[in-house]
Amino acid sequence: MDFLSLFIVALMPILETLIVTAVGLFLGMERINLLGAISRQSLNKLVFFVFTPSLIVADLADTITLDSLGTLWFMLVNVLITFLIGSALAWILIKITRAPQHLQSLVIGCCAAGNLGNLLLIILPAVCDEDDSPFGDSSVCSTDAEAYAALSMALGAIYIWSYVYPIMRIYANKATKDIATDGCTTRENISGETLYLHSEIGTALLLPSEGCPSSEECMYQVEVQSTGSEGKVMFLEKTMLHLKKLIGHVDLQKLFAPSTIAAIFGFIIGIVSPIRKVLIGDDAPLRAIYSSASLLGEATIPSMTLIIGANLLRGLKGAGVGPALIVGIIAIRYIIMPSLGIGIVKAANHFGIVGSDSLYQFTLMLQYAVPPAMGVGTISQLLETGESECSVIMLWTYAVATFSLTLWSTIFMWLVS
């Protein structure tokens, strides 16, 4: 297929998403107020507790098998790589732009966590349904696309609460500290959460810590400084120390969100053949349970898209974010990361890790090109930092996503077809 035909195929689902998002924005306006704060919160709870888990468990149970895990395992690694690269680039952006402390956690969240939920659920099946789709039979393609999108959503939810949330929490707590830290001279420093980011994720960009979480760690840092010049303290030891600190900030209650639990059940149903035969299939005795979950899951995409539109409305009224930060986040999410994603997926394909499925490769590449996850806004509200600024960033990034997603989807399809 020529590039123009692929562009048209990629454009259709983006336009559908844009229209539904515009409807949500319209319904959230004060004069209409059908998606006001209270209504939006109620719909958000339905999506979080009912619609999304139903969609994930239904799609994964229907499509995931023990054989398919031989290929799909790389998606777990690929999504993690997107989070690691995004957070590393965010750290660089913070240093270049000298972002205010109260916005640093927000910048990291927006660069690290991508919207792996409703956008992929819209784009992938819609691309398969197009007459000129490069991915072959539409029925098989749509089934696989829903599974890939559901797995992406589940992995995104897990990594947001196990990786992004602890890092944002550390930076948010650091921003709220009014007492200057000076080594380990005060008790306030002992309780401060001021660890730097990239030693926690295992990169070589080490910065000196501004505070000490405990007196034992203070002594450890003194030992590190005194013996570092002699080469007796290994980099791995320091990395493990701060990795333990990062793990200590993981909130297990938030990690095991409904979508995470649904993904676990979806994998169990799909992999364990006896359970699968009872729930899935025309002759399954308990097929009504699966059908009910699938029916509820169909409400996920329109509901989430409407919520996004209503949330973006707040960005029109917000301020306080410098143009340099917005441009930097847009450049990271829509230029640097998709470019790196192509190289990573192509390298994985070269070494035979991802197989020859063009739709699967397209999905892996697309995970690098999506806008920030709306869950970042939820975390900002929980941490009570950068809430209004988050709406502004989301507004601009999602506005640009209309054009960037179309372009990158076209490029990705052209590369894998």
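Rules of the game
Residues numbered from 1 in each chain as written. Predicted model: local features only at pLDDT ≥ 70, side-chain atom pairs only at ≥ 80, totals over all residues. Heavy atoms only, no water. UniProt positions renumbered as here; feature names shortened; annotations may be inferred. 1 Å grid on protein atoms, 1.4 Å probe; cavity = no way out; pocket = protein on both sides within 12 Å on 5 of 7 lines; lining within 4 Å. Points joined across faces, edges and corners; volume = space filled by probe spheres on them. Helix = DSSP H or I, 4+ residues; strand = E, 2+ residues; numbered from the N terminus. Buried < 20%, exposed > 50% of the residue type's maximum accessible area, 1.4 Å probe, protein only. Lys, Arg positive; Asp, Glu negative; His and termini not counted. Salt bridge = Lys/Arg side-chain N within 4 Å of Asp/Glu carboxyl O. Contact = heavy atoms within 4.5 Å. Core = buried A, V, L, I, M, F, W, Y, C linked by side-chain atoms within 4.5 Å. Axes fitted to C-alpha atoms, helices over the stretch in contact; angles between N-to-C directions. Parallel < 35°, antiparallel > 145°, perpendicular 65-115°, else oblique. Nonpolar A, V, L, I, M, F, W, Y, C, P; charged D, E, K, R; others polar. Expected span 1.5 Å × (residues − 1). Polar contact = N/O pair within 3.5 Å; in protein donor to acceptor, adjacent residues only side chain to side chain. Disulfide = S-S within 2.5 Å.

The name recorded for the chain in an unreviewed UniProt entry is Protein PIN-LIKES 3-like, from Carya illinoinensis. The Sequence similarities (unreviewed entry) field of the UniProt record for the chain holds the comment "Belongs to the auxin efflux carrier (TC 2.A.69.2) family."

A. Here's a closer look at the layout of surface pockets. Within this model, the second largest pocket holds a volume of roughly 280 Å³. Along the walls of the second largest pocket sit 19 residues, with Thr17, Leu18, Thr21, Tyr398 and Thr402 positioned nearest its centre. At the level of elements, α1 (3-27), α5 (118-129), α14 (300-312) and α18 (387-416) are the ones that each hand at least two residues to the lining of the second largest pocket.

B. Quick look at the side chain of Asp59. Within the secondary structure, Asp59 sits in helix α2 (residues 37-63). Of the side chains bearing the opposite charge, Arg276 lies closest to the buried Asp59, which forms no salt bridge; the N-O distance is 11 Å. With near-sequence residues (within four places) excluded, Asp59 lies in contact with Glu146, Ala147 and Ala150.

C. Examining the nonpolar core more closely. Grouped together as the largest cluster of nonpolar side chains are 110 residues, with contacts concentrated most on Phe83, Leu124, Leu359 and Phe362. Ranked by residue count, the leading element in this core is helix α6 (residues 138-175), at 19 residues. When residues no more than four places from it in sequence are discounted, the contact partners of Leu124 are Ala145, Tyr148, Ala149, Leu359, Phe362, Thr363 and Leu366.

D. Quick look at the packing of helix α17 (residues 375-383) against α18. Here α17 crosses α18 at 170°, and the two axes come no closer than 9 Å. Classified by the interaxial angle, the pair formed by α17 and α18 is roughly antiparallel. For the pair α17 and α18, the contacting residues are Val376, Gly377, Ser380 and Gln381 in the first and Glu387, Cys390 and Met394 in the second. Here the residues of the contact of α17 with α18 are counted per class, giving 3 nonpolar, 3 polar and 1 charged.

E. Region of the structure containing α5. Here α5 spans 17 Å end to end across 12 residues, near enough to the 16 Å set by a 1.5 Å rise per residue. Residues Asn118, Leu119, Leu120, Leu121, Ile122, Ile123, Leu124, Pro125, Ala126, Val127 and Cys128 constitute the buried set of α5.

F. Just the environment of Tyr159, in detail. In this structure, Tyr159 sits in helix α6. Here the alpha-carbon distance between Tyr159 and Phe83, two residues 76 residues apart in the chain, equals 7.8 Å. Residues contacting Tyr159, with those up to four places away along its chain left out, are Leu76, Val79, Leu80, Phe83 and Val164.

G. Representation of the side chain of Thr52 within the structure. Topologically, Thr52 is positioned in helix α2. Using a relative accessible area of 8% as the deciding quantity, one classes Thr52 as buried. In this structure the side chain of Thr52 is engaged in a polar contact, spanning 2.9 Å, whose partner is the backbone oxygen of Val47. Apart from the residues within four sequence positions on either side, Thr52 is in contact with Val47, Met153, Ser259, Thr300 and Met304.

H. Here's a closer look at the environment of Ala99. Position of Ala99 among the secondary structure elements: in the loop between α3 (69-97) and α4 (101-112). The residues contacting Ala99, other than those within four sequence positions of it, are Ile94, Gln104 and Leu325.

I. Expanded view of the state of the cysteines. One pass over the full model with this rule turns up 1 disulfide. The disulfide partner of Cys128 is Cys141, and the gap between their sulfur atoms is 1.8 Å. Between Cys128 and Cys141, the S-S torsion sits near -60°, and that sign places the bridge as left-handed. Linking Cys128 in helix α5 with Cys141 in helix α6, this pair joins segments that are 13 residues apart in sequence. For the unlinked cysteine Cys110, the closest cysteine sulfur is that of Cys390, found at 5.2 Å.

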